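# A structural walkthrough
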Amino acid sequence: MCGLCGTFAPDGDLDRTVTATMHSRLTHRGPDETYSLSTPVLTAKLARLGMTAVKDGWQPAEDSGGRFVAVTNGEIYNADELRGRLGLARTANRVDVAVIPELFARYGPAGLGLIDGQFATAIHDRAESTLHLGRDRFGVSPLYYTEVDGQVHFCSELGPLVRSVPGTWRLDLGAVDQYLQLGNIVAPRTLVRDVRAVPPGTVVRFGGRGPETVRYWRYGEFVTDGPPVAAEEIRHGVRRAVRDRLRGDVEIGACLSGGFDSSTLVLEAAAAVEQPLRTYSVVFGDALLDEHRFQREVADAVGSEHHEISCLQEDIAAEFEQMVRRCCYPQRETYNVAALMLSRAVRLSGLKGVLSGEGADELFFGYDSYAFDGLGRTRRESRAENERAWGRADFSWEVDWRQVDRRRSDGLTPESLEALAGQEFWRDRLIPFSDAEAAALTPMQLRSVVDTSVQLGSHLLGDHGDAMLMANSVEGRYPFLGNPVVDLALRVGDDEKVADFEGKACLKSAYAGIVPETVLRRAKQGFTAHGLSALADDHLMTEWRDLVAASGVFRKDALERIAAHGAEGKWDTRLSLISISMVIDELGLKM
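Heads up: these notes are all about the structure in this document. It should be emphasised that the depicted structure is a prediction, and the values quoted were computed from it without experimental measurement.

### Overview of the overall build of the chain
Tallying secondary structure elements over the chain gives 25 helices and 17 strands in all. Here the C-alpha atoms of the chain give a radius of gyration of 23 Å, agreeing with the 25 Å that 2.2 N^0.38 yields for 591 residues. Its C-alpha atoms give the chain principal-axis dimensions of roughly 65 × 60 × 50 Å. Split into buried and exposed, the 591 residues of the chain put 60% on the buried side. For the chain, restricting intrachain contacts to residue pairs at least 6 apart in sequence, the fraction spanning at least 24 positions comes to 73%. Charge separation in the chain, taken as the distance between the mean sites of 67 positive and 86 negative side-chain charges, equals 2 Å.

### Describing the layout of surface pockets
In this structure, the second largest pocket occupies an estimated 820 Å³ of space. In this structure, the second largest pocket is lined by 48 residues; those nearest its centre are R135, I185, A187, P200 and S458. Looking at the lining of the second largest pocket, the elements with two or more residues in it are α4 (158–164), β10 (196–197), α9 (313–327) and α17 (443–470). Tallying contributions element by element places α17 first for the lining of the second largest pocket, with nine residues. Taken together, the residues that form the lining of the second largest pocket break down as 25 nonpolar, ten polar and 13 charged.

### Looking at the side chain of H124
With respect to the element layout, H124 can be found in strand β6 (residues 117–125). When its relative accessible area of 4% is taken as the criterion, H124 is described as buried. At a separation of 3.1 Å, a polar atom in the side chain of H124 contacts the main-chain carbonyl oxygen of T130. Dropping the residues within four chain positions of it, H124 is found in contact with T39, V41, L42, R67, F68, V69, S129 and T130.

### Let's talk about the environment of P142
Positionally, P142 belongs in the loop between β7 (130–135) and β8 (144–148). Taking the relative accessible area as the measure of exposure, P142 reaches 8% and is therefore buried. In the structure, P142 is positioned 54 residues away from L88 in sequence and 29 Å away in space, judged by C-alpha atoms. Other than its neighbours up to four places away in sequence, P142 contacts R29, A120, R135, S156 and D466.

### A short note on the pairing of strand β5 (residues 68–76)
Among the nine residues in β5, nine count as buried, and that is most of the element. Sheet topology places strand β4 (residues 61–62) next to β5; two bridges connect them, and they run antiparallel. Bridge pairing in β5 links E62 to V69. Hairpin connection from β4 to β5: five residues lie between these consecutive antiparallel strands, with G66 at a positive phi of about 85°. In the sheet, β5 pairs with β6 via nine bridges, with the strands oriented antiparallel. Residue pairing in the sheet places F68 in a bridge with D125 of β6.

Rules and cut-offs
- Residues numbered from 1 in each chain as written.
- Predicted model: local features only at pLDDT ≥ 70, side-chain atom pairs only at ≥ 80, totals over all residues.
- Heavy atoms only, no water.
- Helix = DSSP H or I, 4+ residues; strand = E, 2+ residues; numbered from the N terminus.
- Rg over C-alpha atoms; globule rule 2.2 N^0.38 Å.
- Buried < 20%, exposed > 50% of the residue type's maximum accessible area, 1.4 Å probe, protein only.
- Contact = heavy atoms within 4.5 Å.
- Lys, Arg positive; Asp, Glu negative; His and termini not counted.
- Charge placed at Lys NZ, Arg CZ, Asp CG, Glu CD.
- 1 Å grid on protein atoms, 1.4 Å probe; cavity = no way out; pocket = protein on both sides within 12 Å on 5 of 7 lines; lining within 4 Å.
- Points joined across faces, edges and corners; volume = space filled by probe spheres on them.
- Nonpolar A, V, L, I, M, F, W, Y, C, P; charged D, E, K, R; others polar.
- Polar contact = N/O pair within 3.5 Å; in protein donor to acceptor, adjacent residues only side chain to side chain.
- Pairing = 2+ DSSP bridges.

Next comes the structure, spelled out in structure tokens:
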């Protein structure tokens, strides 16, 4: 992936300096080349990380008729198939994303739904003088935008956009409430009022009366009444997705956590490459956190060139604040420091890309919560707020309504609480489904849709994935999100995904006898690193307490009030307040 930015001025009064400034702050995403697009109404730049068609590919790219021109960040793994479908003659430009303007010319936004890949694209329609910003199905590639004084500015990262566009930027209290209650901020919201994220699977059009958002794809169209999906089909789909994501002009490695998902990908990848696969793992020097034994067992089984990255308490204490200020996204755990250290080690070893296992839990119901949903024994409290957010009054996802008001009153100042009225997290529809559509889903299917909409795109692929990897010019590739795997997952029934209280049952059954038994049957272990209490000394906590007090949104005694109530919920809310305060300070946000 690369760094994309630009400015669109439909009235022709174009200020090109903002794009130049944004680009100068994105070169870590693409240090290999710079591409530019310049028209009377649009200026765009791409900082390229060369992965495919390094010698015979370039941008911008045009459709055959010359009406649409595009600059794109990302990878299209089925580009050859799409070229055949479009009847495109072989051209000198072999870059995969060159098919995007032709897809758009033939099919409009729906053409992007044919892509198996990850991308963020800016498409200019010369005939209508409009701009279209599009993002891949699951939101692997980020894209932010804002409208200021009749101009649209867009960028791959939030920080460079806010720092480069002149003006006074304000905090979005609705986004703060989303994070306090959900542990995520759901697109199109960001922490910055008036800066939006292009939602996954959508195209946002500019140049008419106002922004128009068109959804070309959404996850959740389950069709499970057909014949059972065989284990061979699952293995074939995963194998195909892995091999597609190994293609390129550069070597691709793999992250190896020691869990089932990453181990499966490593086994498939090692069988597909001619030389030893390079694998990368994080160890913490703590028996309660380390997965070293499982990582080493898989690495030894495939004969990979294995790299271990040590992340100790002092590393997290030293790098946590720097990491937050880099990605400008709140945190509910410290694990992203480990992810940042891992990507640094990958790049220092000479690689530009790694496979990673995100998506398997969401698509194949791997979290423990799916099994509890499947029991259906507990009568769930119906709330109007749930219906507003999820389309179902009896579905609350991970929200603990007993703690909602306490999190607000412990953390927010009285003034912030008053200003929050009317912006509470539940007032947004947080999934792209109507009430009737949500009601037609089973509880586990609805949870899968919500996990994908709320947690996968914003956090796992966002601040944990893209931001940490691209900080060191490393691209993440996610085979479980490949179209062949997703199509299979949508056909597999709930009972095949969760069996005997175990998630991903069909996936594990498909790889029985292939993935080592100790890994196959081990309990689910989420990403976890050293917690706040283990790493923050008195001096550091004093600095962070002062940041929280200076934020203007949180109470001066917020950290103490939260600590007094003990550990509640799935994450340490103090870490959320501290990290939000860091972003407020970094971007100079006002209330």
